[in-house]
Amino acid sequence: MIMRYCMKRMSVLVTVVLTLALGTGILSCTGDNGFEEQEMTPEELPGGGNGSDDGDAPDFDPIITGWDGQKADDAAMDIVGTNEDIYWEANGFGGSKAVTVTVTYSGSSATVTTSDTSVEYYTDGAYVTIDMLTHSVKNVEIVVSGKSDDGQLKIYGEKKFKLTLSGVELTSSKGPAINDQCKKRAFVHLTEGTTNRLTDAATYSEEPRYLNGGSSASEDRKGCFFSEGNLIFSGTGVLEVKGNYKHGIVTDGYFYTRPGVTIAVTGAAKNAIHVKGDQDDGIGVYIAGGLIYANVSSTAGKGIKTDLDAEIVGGKLLLNTSGNATYDEDEKDTSSSACIKTDGSVIISGGTHTLKSTGTGGKGINADGEIRVSGGETTVTTTGGKYTYSSNLTSSPKGVKADGNITISGGKLNISVTGASDGSEGLESKATLTISGGEIYSYAYDDAINAASAINITGGKVYAYASNNDGIDSNGSLVISGGLVIGVGTSAPESGIDCDDSNSFKINGGTVISMGGTLQSNPSTSSTQRSVVYNGVSATKGTKICVLNSSGTPVLTFEFPRTMNGAAFFFSTPDIASGASYTLSSGGSLSDNTDAWNGWYGGGTWSGGSQVGTFTSNSVVTTIGSSSGPGGGGMPGGGGPGRPGGR
């Protein structure tokens, strides 16, 4: 979108019109988002801003290096249920009719024993094939241990089975380290106190044994741990995987982890965890708990990729991708790295997750469907710039992006997108963004928050800071009826809060604060809550401005997060009453405040300071001061009319 400056003047009573000249305090603190904000000189700014911006890039820079042995700490949450599809304990494994197969590796050989000769097996050195298929054996548990630098475990069957990894280290020179050709579910149990390591070949060749006339051409084998069926992980041991050929862990069914599980994919030629998903069960990836670590440096590589939905209800994700985007010849489109990529939706209701993507065009979360967040804390960082294959085929970095709706009702989202390019956006929905709860902190070079169709906010806390564009931008309607909403944009024609059509911009409740070069459109006069536009503001980062009622009680206090000249400061709160008069003061101090969040302060006592303006709320929207136009008071470096809006 090409930004166009417009400001509708309204008839108001203005008793004082002054340029707000504020003090010189500088903020350096750790905010309620839990991340330390770093001071930067104008030359170090990721976005450049309007030339006078001191910078406010959050220090959301987790360093996800080689796996250091960290393990899941939520085993106590693993309460065994009765669902036979999820809990191996609810099946016949370990019962009177159970069949146990043990496989023990020792260098270039392996020993296999079985409690039922109906299970056939073959060995070729340390390449072991378990055949549960020929006699259709059920209730089988395969227990694997030992080490081989040139071995493999291959499994055939037509019944669900349990695979217990009890301290096994396998490196294959022919294909996957574990090749599960059974299309039924595999319950993979990681024995307590063990570390299990799997490494596949960089180039796959013929394996020693195939059943029913199979061959390498007819059997799928797309990664180090490959499964035709569903994979359900349990136990408190560790599984470490390195995928040299393609993916680390790959299943044509679904991928499920229980609390206590630790999975570390330390490298993958493509995706760390690649999941087709189970259409009948409607499950792609389901993280009930545990810890999943992935470090992927491949071009357009993904940490977790599924064709269906990814649902995360607990646990911890540590996902890092560093590969650049590329052009996909098959799809005739660009493809970029992502920590989580789904062809379906992403649903997050719990856990603590850290996602980082550093390559060009990289994404933290990228969903073709919807994204729904109701709990947990998710921190997303991208640092790469824009990938350009041609003028019509590009890929911009994104923090959290959905082609469908995004709905946030709880939890925390901490987003930082610092790549200096158009389209480097923090939280983006190609449809409708709805926020009813939770906390969102989004920093981006381009729009910090953007939605194509609508933004509806009824609750929660939202902080959106753009270093080179709008804080919050709706290309359709924007309705705020609750919560705390703070939008910070750069110089004109950018805004802290931007809605293209004033008739579609309504404030019906909540506390709303916007700071930017302009306010693109005033809220509609059909809004049910009053608001104030203060134009021509010159603000210094770290200085507070306080709005006081006639009794001298603060109704709103805000600490400026950036230095700007000729800016538009907009605010709305339920405490602004019809016909009431208010004073704006700066340079004083606030004490005994009852709440604070990212520059906003609730309650308290204001003392000292200088009166810089007064207004009387005689209209739904009261305008104070004047703007010098799209140049935002003539400040250099902030762009002007015709600069792309970075959609």
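Note that this is a predicted model, so its numbers are computed, not measured. Residue numbering note: each chain is counted from 1, following its sequence as written. Where totals are concerned, whole chains, interfaces and linings use all residues; where local detail is concerned, this predicted model gives features only for residues with pLDDT of at least 70, and gives and counts side-chain atom pairs only at 80 or more. In computing side-chain values, all of the structure's heavy atoms are included and hydrogens and water are not.

Enquirer: Could you give an account of the overall build of the protein, naming the residues involved and the relevant values?
Expert: Runs of E in the DSSP output that reach at least two residues are strands. Runs of H or I that reach at least four are helices, and both are numbered from the N terminus. When helices and strands are tallied, the protein shows zero helices and 50 strands. Burial statistics for the protein: of 647 residues in total, 59% are counted as buried. Here the contacts in the protein between residues at least 6 apart in sequence split such that 69% fall between residues at least 24 apart. Here the open area of atoms and residues is found with the Shrake-Rupley method and a 1.4 Å probe, where only the protein chains shown may cover a residue. On the protein, roughly 22000 Å² of surface is accessible, and the fraction owed to carbon and sulfur atoms is 44%. The classification of residues rests on relative accessible area computed with a 1.4 Å probe and restricted to protein chains. Under 20% of the type maximum is buried, over 50% is exposed, and intermediate values are partly exposed. Contact between two residues is taken to exist if any of their heavy atoms lie within 4.5 Å; hydrogens are not considered.

Enquirer: How would you summarise the pattern of salt bridges if you had to cite specific residues and measurements?
Expert: The term salt bridge refers to a pairing of a side-chain nitrogen on Lys or Arg with a carboxyl oxygen on Asp or Glu at a separation within 4 Å. Tallied over the full model, the rule gives 25 salt bridges. Across the pair Glu240 and Arg197 runs a salt bridge whose closest N-O atoms are separated by 3.2 Å. Of this pair, Glu240 sits in strand E14 (residues 238-243) while Arg197 sits in strand E11 (residues 195-199), and the two are 43 residues apart along the sequence.

Enquirer: Give a description of unusual backbone geometry that names residues and reports values.
Expert: Residues Ala492 and Pro493 are joined by a peptide bond in cis, for which omega reads 15°. You can see Pro493 is positioned in the loop between strand E41 (477-488) and strand E42 (497-499). The phi dihedral of Asn139 is positive, around 60°, even though this residue is not glycine. Examined against the element boundaries, Asn139 turns out to sit in the loop between strand E5 (126-131) and strand E6 (140-148).

Enquirer: An account of the packing of aromatic side chains is needed here, citing residue identities and associated values.
Expert: Pairs were defined over the aromatic rings of Phe, Tyr and Trp, the Trp ring being its six-membered one, requiring ring centres within 6.5 Å. Orientation was assigned from the angle between planes: stacked under 30 degrees, edge-to-face over 60, tilted for the rest. All chains considered together, the criterion is met by 16 aromatic pairs. A ring pair is formed by Tyr441 and Tyr463, whose centres lie 4.9 Å apart and whose planes are at 20°; its orientation type is stacked. Here Tyr441 is found in strand E36 (residues 432-444), whereas its partner Tyr463 is found in strand E39 (residues 461-466), with 22 residues between them in sequence. According to the relative accessible area criterion, Tyr463 is buried, its value standing at 2%. Relative to Phe560, the ring of Phe558 has its centre 6.0 Å away and its plane inclined at 75°; by these criteria the two rings are edge-to-face. Here Phe558 falls in the buried class, since its relative accessible area comes to 0%. One aromatic cluster is present, built from ring pairs that chain together Phe558, Phe560, Phe569, Phe571, Tyr582 and Phe615. Cation placement over rings: the criterion is NZ of Lys or CZ of Arg within 6 Å of the ring centroid and within 35° of the ring normal. When the ring centre of Trp88 is taken as origin, the NZ or CZ atom of Lys162, which lies over that ring, is 3.3 Å away. Geometry around Tyr127 places Lys174 over its ring, the cationic atom sitting 5.5 Å from the centre.

Enquirer: Describe in detail the nonpolar core, supporting the description with residues and values.
Expert: Formed by 95 residues in total, the largest nonpolar core has its most connected members in Ile142, Leu153 and Ile249. Excluding anything up to four places from it in sequence, Ile142 contacts Val101, Val103, Ile130, Met132, Ile155, Phe161, Lys162, Leu163 and Thr164. Joining through side-chain atoms within 4.5 Å is the link that ties buried Ala, Val, Leu, Ile, Met, Phe, Trp, Tyr and Cys residues into a set, and such a set is a nonpolar core. Listed in part, the 31 residues of the second largest apolar core include Leu484, Ile513, Phe569 and Ile576.

Enquirer: Describe the pairing of strand E45 (residues 544-548), and please don't skip the residues or the numbers.
Expert: Across the five residues that make up E45, a large majority, four, are buried. Pairing between strands is defined by DSSP: at least two bridges between the two strands are required. When E45 meets strand E46 (residues 554-559), the two strands line up antiparallel, connected through five bridges. Paired with Cys546 across the strands is Thr557, a residue of E46. Hairpin connection, E45 to E46: the antiparallel pair is bridged by five residues, and Gly552 has positive phi, about 80°. In terms of strand pairing, E45 meets strand E48 (residues 581-597) through four bridges, oriented antiparallel. What sits directly across from Leu548, in E48, is Thr583.

Enquirer: Break down the pairing of strand E21 (residues 302-306) for me, with residues and values.
Expert: For E21, the buried fraction is high: five of the five residues fall into the buried class. As defined by bridge partners, strand E18 (residues 273-275) adjoins E21 across three bridges and the pair is classed as parallel. Paired with Val275 across the bridge in E21 is Thr306. Two elements, E21 and strand E26 (residues 338-342), share four bridges in a ladder whose sense is parallel. Paired with Lys302 across the two strands is Ala338, which belongs to E26.

Enquirer: Please provide a residue-by-residue account of the environment of Val101, values included.
Expert: Tracing the backbone through its elements, the reader meets Val101 in strand E2 (residues 99-106). A sequence separation of 43 residues divides Val101 from Val144, and the C-alpha atoms of the two residues are 8.5 Å apart. Once you skip the residues sitting within four places of it in the chain, Val101 turns out to touch Val112, Thr113, Thr114, Val119, Ile130, Val140, Glu141, Ile142 and Val143.

Enquirer: Tell me about the side chain of Ser172, and name the residues and values.
Expert: Looking at the element boundaries, Ser172 is found in the loop between strand E8 (161-171) and strand E9 (178-180). A polar atom in the side chain of Ser172 sits 3.1 Å from the backbone nitrogen of Lys174. Those residues in contact with Ser172 that sit more than four places away from it in its chain are Tyr127, Gly151, Gln152, Ala177, Thr199, Asp200 and Ala201. Any N or O atom pair separated by 3.5 Å or less is treated as a polar contact, with the protein-specific requirement of one donor-capable and one acceptor-capable atom, and with residues adjacent in sequence counted only for side-chain atom pairs.

Enquirer: Tell me what's going on with a positive patch on the surface, and back it up with residues and numbers.
Expert: Taken together, the side chains of Lys97, Lys138, Lys159 and Lys184 make up a positively charged region of the molecular surface. Judged by relative accessible area, Lys159 falls into the partly exposed class, the value being 33%. Each patch is assembled from residues with relative accessible area greater than 30% and no salt bridge, linking like charges that lie within 9 Å and nonpolar side chains (Val, Leu, Ile, Met, Phe, Trp, Tyr) that lie within 5 Å. Under this rule, positive means Lys or Arg and negative means Asp or Glu; His and the chain ends count for nothing. Charged groups are reduced to one reference atom each: NZ for lysine, CZ for arginine, CG for aspartic acid, CD for glutamic acid.

Enquirer: So what's going on with the environment of Lys341? Which residues, and what values?
Expert: Mapped onto the secondary structure, Lys341 falls in strand E26. Counting along the chain gives 36 residues from Lys341 to Lys305, while the straight-line C-alpha distance between them is 4.9 Å. Ignoring sequence-local partners within four residues, the contact set of Lys341 consists of Lys302, Ile304, Lys305, Thr306, Asn366 and Asp368.

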